Every structure is written in C-alpha cells, then in structure tokens.
Amino acid sequence: MPAFADGDAAIGVGLAFVAGFVDAAAFIALTGLFTAHVTGNFVLIGAELVSTSTGVLAKLLALPTFILAVAVTRLIALALERRGASPLRPLLVLEAAALIAFAIVGASLSPLGSPDGAKAIGVGMLGVAAMGIQNGIGRLVIGHLAATTVMTVNVTQAVIDLTDHACGKTLGAPAATRLRRTLSAVLAFAVGALAGAFGVAALSFACVLVPAVVLIGLLFVPDREPSP
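Calculation rules
- Throughout this description, residue numbers start from 1 for each chain and increase along the sequence as written.
- Given that the model is predicted, a residue must reach a pLDDT of at least 70 before its local features are reported, and side-chain atom pairs must reach 80 or more before they are shown or counted; all residues, however, enter totals for whole chains, interfaces and linings.
- Remark: hydrogens and water are excluded; side-chain values derive from all non-hydrogen atoms of the structure.
- The numbering of helices and of strands both runs from the N terminus, where a helix is a DSSP run of H or I of at least 4 residues and a strand a run of E of at least 2.
- Taken over C-alpha atoms, the radius of gyration is set against a globule rule of 2.2 Å times the number of residues to the power 0.38.
- Burial classes follow relative accessibility: with a 1.4 Å probe on protein chains only, a residue under 20% of its type's maximum area counts as buried, one over 50% as exposed, and anything between as partly exposed.
- The contact definition used throughout considers only heavy atoms, calling two residues in contact when any of these lie within 4.5 Å.
- For patch building, the residue pool is restricted to those with more than 30% relative accessible area and no salt bridge; the joining distance is 9 Å between like charges and 5 Å between nonpolar side chains (Val, Leu, Ile, Met, Phe, Trp, Tyr).
- Using the Shrake-Rupley algorithm and a 1.4 Å probe, accessible areas are obtained, with residue cover drawn only from the displayed protein chains.
- Throughout this description, the term salt bridge denotes a Lys or Arg side-chain nitrogen within 4 Å of a carboxyl oxygen of Asp or Glu.
- When the centres of two rings from Phe, Tyr and Trp lie within 6.5 Å, Trp using its six-membered ring, the rings pair. Their planes under 30 degrees apart give stacked, over 60 give edge-to-face, and anything left gives tilted.
- Helix span, as expected, comes to 1.5 Å for every residue beyond the first.
- What the arc covers is the set of directions going from the helix axis to the C-beta atoms.
- Put simply, a nonpolar core is a bunch of buried Ala, Val, Leu, Ile, Met, Phe, Trp, Tyr and Cys residues held in one set by side-chain atoms that sit within 4.5 Å of each other.

Asker: Provide a residue-level description of the overall build of the protein chain, including the pertinent values.
Answerer: Scanning the protein chain for helices and strands turns up eight helices and zero strands. Helices (α) and strands (β) of the protein chain occur, in sequence order from the N terminus, as α-α-α-α-α-α-α-α. Taken over the C-alpha trace, the protein chain has a radius of gyration of 18 Å; the compact-globule value for 228 residues is 17 Å, and the two agree within 12%. Expressed as a percentage of its 228 residues, the buried residues of the protein chain come to 43%. Put simply, 75% of the contacts in the protein chain that link residues at least 6 apart link residues at least 24 apart.

Here it is in structure tokens:
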C-alpha cells in the first residue's frame, strides 16, 4: 500500500506538471489556444467574435478534437480492461506520443503564420488531442486523485478543507490525504505553467519534449492492479 500511495503522489504531481506546461506553452505559441481544457476556449471564442480578431476557427475545432481524443481513450481503456490489463501505462504512452508529435511537427512547421491557418490548426489539434487523452486518464484511471488539468475544483476543495481546519474541525485521514493531493496538484500545475512559458520563449515547440519525458518517467511508477 505505501508503494501505491507514493505512486499515486508521483502520478498526480507529474500529470499536473504536464498539463500546466503544455497549456502555458501552447497558449503562447498558438496565440491563445487552450489545450488542457475547453472552457477557456469557449470564453475566448466569445471575446474574439466580439472583437473580430483571429483564432476563432482553431478554438472551434478544439472541441470536436478534444471529444474524439477522449472517446478514443475510453475505447482503448475498455479494450485493455476486458483483457484484465491496467490501461494507465498504455495511455501514458499514447499521450507521450501525441506530445512528441506536437513538438516535432510544431518545430518543423514554424513559423506557423495565421492562428487560423492550416499549419497552426494542425499543430494545435495535436496538443488538444494530447490533453484530451490526459483528461480521459483523469476520469477513467486515476479518478481517486485530484484533477490534473483543471485547477478550479482543486483550489475550491483545498480552501474548503483549510477553512474547516481553521475553524477547529478535525480533518480525518481521507480529508487530510485529499488536501495533500489537491495542494500538490495545484503547485505542480503552477510550476509546469511557469516552466512552459519560459520553455516556449527559449526553445519554441521543442520545449514540449520536456512533458513528454515526464510522461515516460511515469511509466516506471508502481501501478495499482486493475479492479476485477
């Protein structure tokens, strides 16, 4: 059990770092495209339609791309679970492959030109697909951990737990574990976002190889046995 607990912590922190890194790097390199979640793209679509700026087409295409990536993730997970195999490592490999493709294609096609051009959209959808896979992993495989791609829920839960503690309420073991996981995820995401911003400024799309390497490292983390 301790090995699993340590593995859970490493997976949660590692994936939160990956999401923060990719979201920040892609947002800068792709002129405001969110890859790790779709809510921000909805907001930006409305803002850009009103201000008649560019990048609307890429944000519109992000939703079906995201949905397709999550659906493929689900199908792969179901196929592996039917064989009695844990889907975590194969899905991490799939996400790492998508990020490597994102880095290589982005670097080879740069400069991408217009945010609504074919090059920018093609590269952006690779990033969206990678993060769609990670969102699928978060719901299908590591649902017992804190969210790794959207920090609003984590911050809200952490504030609730900290407020309860400040008011004298004793946090039980499950709540204390949850607080550690949520705070760790938020911190890792923030560190990843900073690293992604500086990384893309220094190395352009090549910096995305960093989160891909992190995912490969997570393949060596002890995994839970699949549920019967």
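Asker: Kindly report on a nonpolar patch on the surface, identifying the contributing residues and their values.
Answerer: On the surface, a cluster of nonpolar side chains totalling about 470 Å² of accessible area is made up of Ile-100, Ile-104, Leu-209, Ile-216 and Phe-220. Sorting the residues of the nonpolar patch by element identifies helix 4 (88-109) and helix 8 (209-218) as the ones contributing at least two each. Position of Ile-216 among the secondary structure elements: in helix 8. Exposure remark for Ile-216: the relative accessible area of 36% places this residue in the partly exposed category.

Asker: Quick rundown of the pattern of salt bridges? Include the residues and the values.
Answerer: Counting across every chain of the model gives three salt bridges. For Asp-8, the salt bridge identified is with Arg-181, shortest N-O distance 3.6 Å. Note that Asp-8 is positioned in helix 1 (residues 2-29) and Arg-181 in helix 7 (residues 173-203), a separation of 173 residues in sequence. Relative accessible area serves as the criterion here: at 6%, Asp-8 is assigned to the buried category. In this structure Arg-181 comes out as partly exposed when scored by relative accessible area, which is 28%. For Arg-178, the salt bridge identified is with Asp-161, shortest N-O distance 2.8 Å. A residue pair is termed long-range when its members are at least 10 positions apart, and Arg-178 in helix 7 and Asp-161 in helix 6 (residues 151-166) qualify at 17 residues.

Asker: Can you break down the packing of aromatic side chains residue by residue, with the values?
Answerer: Enumeration according to the criterion identifies three aromatic pairs in this entry. Each ring, one from Phe-27 and one from Phe-34, has its centre 4.9 Å from the other, and the planes form 40°; the classification is tilted. With centroids separated by 5.6 Å and ring planes inclined at 80°, the aromatic side chains of Phe-102 and Phe-205 adopt a geometry described as edge-to-face. Of this pair, Phe-102 sits in helix 4 while Phe-205 sits in the loop between helix 7 and helix 8, and the two are 103 residues apart along the sequence. Each member of the pair, Phe-102 together with Phe-205, is buried.

Asker: Give me the lowdown on helix 4, citing residues and values where you can.
Answerer: Counted at 1.5 Å a residue, the expected span for helix 4 with its 22 residues is 32 Å, and the 31 Å between its end C-alpha atoms agrees. Residues Leu-88, Leu-91, Leu-92, Glu-95, Ala-96, Ala-98, Leu-99, Phe-102, Ala-103 and Gly-106 constitute the buried set of helix 4. For helix 4, the buried positions fall inside an angular range of 160° around the axis, keeping them on one side. Among the exposed residues of helix 4, those oriented more than 90 degrees off its buried face are Ile-104 and Ser-108.

Asker: Describe the nonpolar core, listing the residues and the values that go with them.
Answerer: If you look at the biggest cluster of nonpolar residues, it comprises 52 residues, and the most contacted ones within it are Leu-15, Leu-30, Leu-99, Phe-102, Met-131, Ile-137 and Leu-215. If you list the elements that add at least two residues to this core, you get helix 1, helix 3 (56-82), helix 4, helix 5 (118-140), helix 7 and helix 8. The biggest single contributor to this core is helix 1, with ten residues. Excluding anything up to four places from it in sequence, Met-131 contacts Val-18, Ala-19, Val-22, Thr-35, Ala-36, Phe-66, Glu-95 and Leu-99.

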